[in-house]
Amino acid sequence: MEEVDVEPAITNIPAASAGTHLGFAWGPGDILVYETLYKASGAIGSGCPCIHEVRKDEDIYSPILRKLFNESHHIFVGLQTIGEDLPSKNKKPQFVSISKNYRSVIRACMEELQQVAVSSKVADVATQYGNQVSILLAIELIWNLCEVLFIDAAPAGSLLLHLLDWVRLHKADVDEKAREVLQSESPAEHHDYWNVVVSYVLQGRLEEARQMLVKQATLQPAARSMYKLMDTLLSKMPFYNPGGTQTLTEFDVKWRHWHEEVDRCLQDNSFASNKHLEVICKILVGDEDTLLEHKDLLSTWYHFLVTRLLFCHPTVKPTELHYYAQSCLTMFLDSRSVPEPLDSILLAAFEFDIHQVIKDCSIALNNWWFVAHLTDLLDHCKLLQSHNLHFGSNLREFLLLEYASGLFTHHSLWQLAVDYFDHCPEFGRVYLELQIERVPLDTERKALKVLRICEQRQMSEQVRSICKIMAMRALRNNRLGSALSWSIRAKDAAFATLISEKFLQDYCARGTFSDLDLIDNLGPAMLLSDRLTFLGKYREFHKLYGEKRSGEAAKLLLSLMTAKIAPRSFWMTLLTDALPLLEQKEVIFSADQTHELMFCLEELTSLNTTAPGADGPMQDEDTELTKVELLRLALARNLARAIVKEGTVEA
């Protein structure tokens, strides 16, 4: 974020040297600036070109401000769940509560930043955190005012009370001065004593002012009656009570009577002998010259505005605010000074120009957090319904999309952005599909997170893409089990076939299977490809054989060959696996089954196939011939035994 009330720092970019140019590469959250060297007059400039990263949004990299993003995300999600069917009147307290939750998060981050700034011993770091504190102060100030004027929409009478709370919250230095005065040996003689009393009066904190005046009255017995009169005037000043039985008109009449009484005391010179009490009396009647003489205590034009309303127009209506705001700004600022961006934003709020507030904040702050969340809340309050953008999306969605897109550039905050896209009905899905593809899949855990998000939203293309990337990465690292698992999730038959081949080659080389848990639990997933089906069934054959279920194992082995599921390159391995079954005392293969095996062996030898493993070299010819002869002998003996057994059974 840039500061609201100061000019942003200017960064000078030195001109490129002769023979060099600057190039730019735009990313989703930053810009890469680099020098390009060109060959001139047959010579190449020495040195290596530099690459600089220019980040669009530094705030997401601040550990403290990340708490702001995380906490506000929970509030945002909760806001979206408020039922549309509820009447606006019933939802207003909920909206006000949510607004206060947002502000409490801002204030908590602001206090933490302040502590870090004070404790930091590095000047640059302290300055950086100090700047962020001033920005959050301005943000909270604007948000609080928008809450009073737009969300709570306080009527006449209550409006001034809310504005007083607003000023008191953002002008807390009075309490610090008061503590310093009261902790001194003689508070009434402290050099800041009268400044504290006047500050209390300017903020409408008359009870605190009375308590301070008591200390002065005890030191001046001769002027005790004068102090007593001032105490009476302060105690009698009426304040509107929204929950009471008094109507606004009755309050106005009562306030005017009190105002006339204060004015009479001023006209009678009741405080002429004490300049401090006379100043307080002039403030109570709302004397503008006296108020402007205390600019140093008011410090801002909007404090001046609220004080002026308190002592001149306590029943001001919301529609009248902009007249008083503009006049107070003009009166308070020097004729030669130009209003700061913060002044313009607050003035637009007092004019009830919501869209101008959002526009000015978008310009003054280069982070979208504030405008996105405030606009979302105002939209839920039905205050932005008439404002749509010319290029399709409404203002709320546009700002949320921009904010969420910025979050996606961060290594962990991207997960928050998903919920923001989910609640943008028009373009959120499209943005999410584009942004999710840019998330670097650094670890398998992160890939699973991204995958789960895509699967929950039926983003089939992204699911396949992620799974293929992870499967290829696992394959490159020779992690066949992980690669197979990812290819199954991607439903990629071709890749599953490739990895199944790798498994079979690995088996031929080592004589055992790796990742048995995965292969044993393929279930319906083995139907993804013929090769994967064969891998699963071949492993099942080994399990049956290991469990001494020879009949079932033999039947499965034969079906793998006769159904043409097994690759031809693997037939010799299957026939070799049949040898122990052929040599058992009990006849396992029937005559017909033995004929099938003999047919497969003859077909294999006639085609002169390669040894097991399609990519491996042919085995030594003598070894191959020996194996074939052993198989033929075993098959012939088993056939004879099977015929005798079957003939005996028939007889």
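Here the structure is a predicted model, which is why all the values come from computation and not from measurement.

The rules behind the values
- Residues numbered from 1 in each chain as written.
- Predicted model: local features only at pLDDT ≥ 70, side-chain atom pairs only at ≥ 80, totals over all residues.
- Heavy atoms only, no water.
- Helix = DSSP H or I, 4+ residues; strand = E, 2+ residues; numbered from the N terminus.
- Polar contact = N/O pair within 3.5 Å; in protein donor to acceptor, adjacent residues only side chain to side chain.
- Contact = heavy atoms within 4.5 Å.
- Axes fitted to C-alpha atoms, helices over the stretch in contact; angles between N-to-C directions.
- Parallel < 35°, antiparallel > 145°, perpendicular 65-115°, else oblique.
- Left-handed = near helix turned anticlockwise from the far one by under 90°.
- Nonpolar A, V, L, I, M, F, W, Y, C, P; charged D, E, K, R; others polar.
- Phe/Tyr/Trp six-rings, centres within 6.5 Å; stacked < 30°, edge-to-face > 60°.
- Buried < 20%, exposed > 50% of the residue type's maximum accessible area, 1.4 Å probe, protein only.
- Expected span 1.5 Å × (residues − 1).
- Arc of directions from axis to C-beta.
- Core = buried A, V, L, I, M, F, W, Y, C linked by side-chain atoms within 4.5 Å.
- Disulfide = S-S within 2.5 Å.
- Salt bridge = Lys/Arg side-chain N within 4 Å of Asp/Glu carboxyl O.

Quick notes on the side chain of His190
Secondary-structure assignment places His190 in the loop between α5 (173-182) and α6 (193-202). Separated by 3.0 Å, the side chain of His190 and the backbone nitrogen of Asp192 make a polar contact. In contact with His190, other than residues within four places in its own chain, are Glu180, Val181 and Ser184.

Let's talk about the packing of α6 against helix α10 (residues 275-284)
Where α6 meets α10, the closest approach of the two axes is 10 Å, and the angle between their N-to-C directions is 15°. Relative to α10, the element α6 is oriented roughly parallel. Between α6 and α10 lies a crossing whose hand is right-handed. Contact with α6, carried on its side by Trp194, Val197, Val198, Val201 and Leu202, involves His276, Leu277, Ile280, Ile283 and Leu284 of α10 and no other residues of that element. Split into classes, the residues belonging to the contact of α6 with α10 amount to 9 nonpolar, 1 polar and no charged.

Description of the packing of aromatic side chains
The final tally for this structure, using the stated rule, is 20 aromatic pairs. Look at Phe408 and Phe421: their rings are 5.7 Å apart centre to centre, the planes differ by 25°, and that puts the pair in the stacked class. Taken together, the residues span a long stretch of sequence, with Phe408 in the loop between α18 (395-407) and α19 (414-422) and Phe421 in helix α19 at a distance of 13 residues. Looking at Phe408, the relative accessible area reads 8%, which means it is buried.

Concerning helix α21 (residues 444-456)
Residue pairs three or four apart in sequence face the same way in an α-helix, which turns once every 3.6 residues. With 13 residues, α21 extends 18 Å between its outermost C-alpha atoms, agreeing within 8% with the 18 Å of an ideal straight helix rising 1.5 Å per residue. For α21, the set of buried residues is Lys446, Ala447, Val450, Leu451, Ile453 and Cys454. Mapping the buried residues of α21 onto a view down its axis gives an arc of 160°, with all of them on the same face. In α21, the exposed residues that point more than 90 degrees away from the buried face are Arg445 and Gln456. Residues of α21 that are buried sit in contact with α19, α20 (428-436), α22 (460-476) and α23 (480-490). Backbone geometry just after α21 places Gln458 at a positive phi near 50°.

Details of the nonpolar core
If you look at the biggest cluster of nonpolar residues, it comprises 198 residues, and the most contacted ones within it are Leu163, Trp166, Trp301, Phe350, Trp369 and Phe370. A total of 15 residues in this core trace back to one element, the largest contributor, which is helix α3 (residues 123-151). Other than its neighbours up to four places away in sequence, Trp301 contacts Ala325, Cys328, Leu329, Phe332, Asp343, Leu346, Leu347 and Phe350.

Describing the environment of Lys100
Following the sequence through the fold, Lys100 ends up in helix α2 (residues 88-119). Residue classification places Lys100 among the partly exposed positions, given a relative accessible area of 45%. The spatial distance from the C-alpha of Lys100 to the C-alpha of Glu147 is 8.3 Å, given a sequence separation of 47 residues.

Section: unusual backbone geometry
Across residues other than glycine, the phi torsion is negative in most instances, and most of the peptide bonds are trans. If you check the backbone angles, Ser299 has positive phi at about 70° while not being a glycine. Along the chain, Ser299 turns up in the loop between α12 (295-298) and α13 (301-312). In this structure, Gln458 takes a positive phi of about 50° despite not being glycine. When you line up the elements, Gln458 lands in the loop between α21 and α22. Taking the relative accessible area as the measure of exposure, Gln458 reaches 62% and is therefore exposed.

Here's the deal with the state of the cysteines
A complete count under the given rule lists 0 disulfides for this structure. There is no disulfide at Cys265, and the cysteine sulfur nearest it, in Cys281, is 6.0 Å away. Cys467 carries a free sulfur, and the closest cysteine sulfur to it, the one in Cys454, is 9.1 Å from it.

Things to note about the packing of α19 against α21
Following both chains from N to C, one finds α19 and α21 inclined at 5°, their axes separated by 12 Å at the closest point. Judged by the angle between their axes, α19 and α21 are roughly parallel. Contact with α19, carried on its side by Trp414, Gln415 and Val418, involves Lys446, Lys449, Val450 and Ile453 of α21 and no other residues of that element. Class assignment for the residues of the contact of α19 with α21 results in 4 nonpolar, 1 polar and 2 charged.

Re the pattern of salt bridges
The tally for this structure, following the rule as stated, stands at 22 salt bridges. Lys92 serves as the salt-bridge partner of Asp152, at 3.9 Å between the closest nitrogen and oxygen. With Asp152 in the loop between α3 and α4 (158-169) and Lys92 in helix α2, this pair connects stretches of sequence that are 60 residues apart. Exposure remark for Lys92: the relative accessible area of 33% places this residue in the partly exposed category. Between Arg489 and Glu455 there is a salt bridge; the shortest N-O distance is 3.2 Å. Taken together, the residues Arg489 in helix α23 and Glu455 in helix α21 connect sequence positions 34 residues apart. Overall, the relative accessible area of 33% leaves Arg489 in the partly exposed class. Beyond isolated ion pairs, a larger network of salt bridges with shared partners links Arg103, Arg107, Glu140 and Glu147.

Quick notes on the side chain of Gln216
Within the secondary structure layout, Gln216 lies in helix α7 (residues 206-219). Separated by 2.8 Å, the side chains of Gln216 and Gln220 make a polar contact. The residues touching Gln216, leaving out its near neighbours within four places in the chain, are Ala188, Tyr193, Trp194 and Tyr227.

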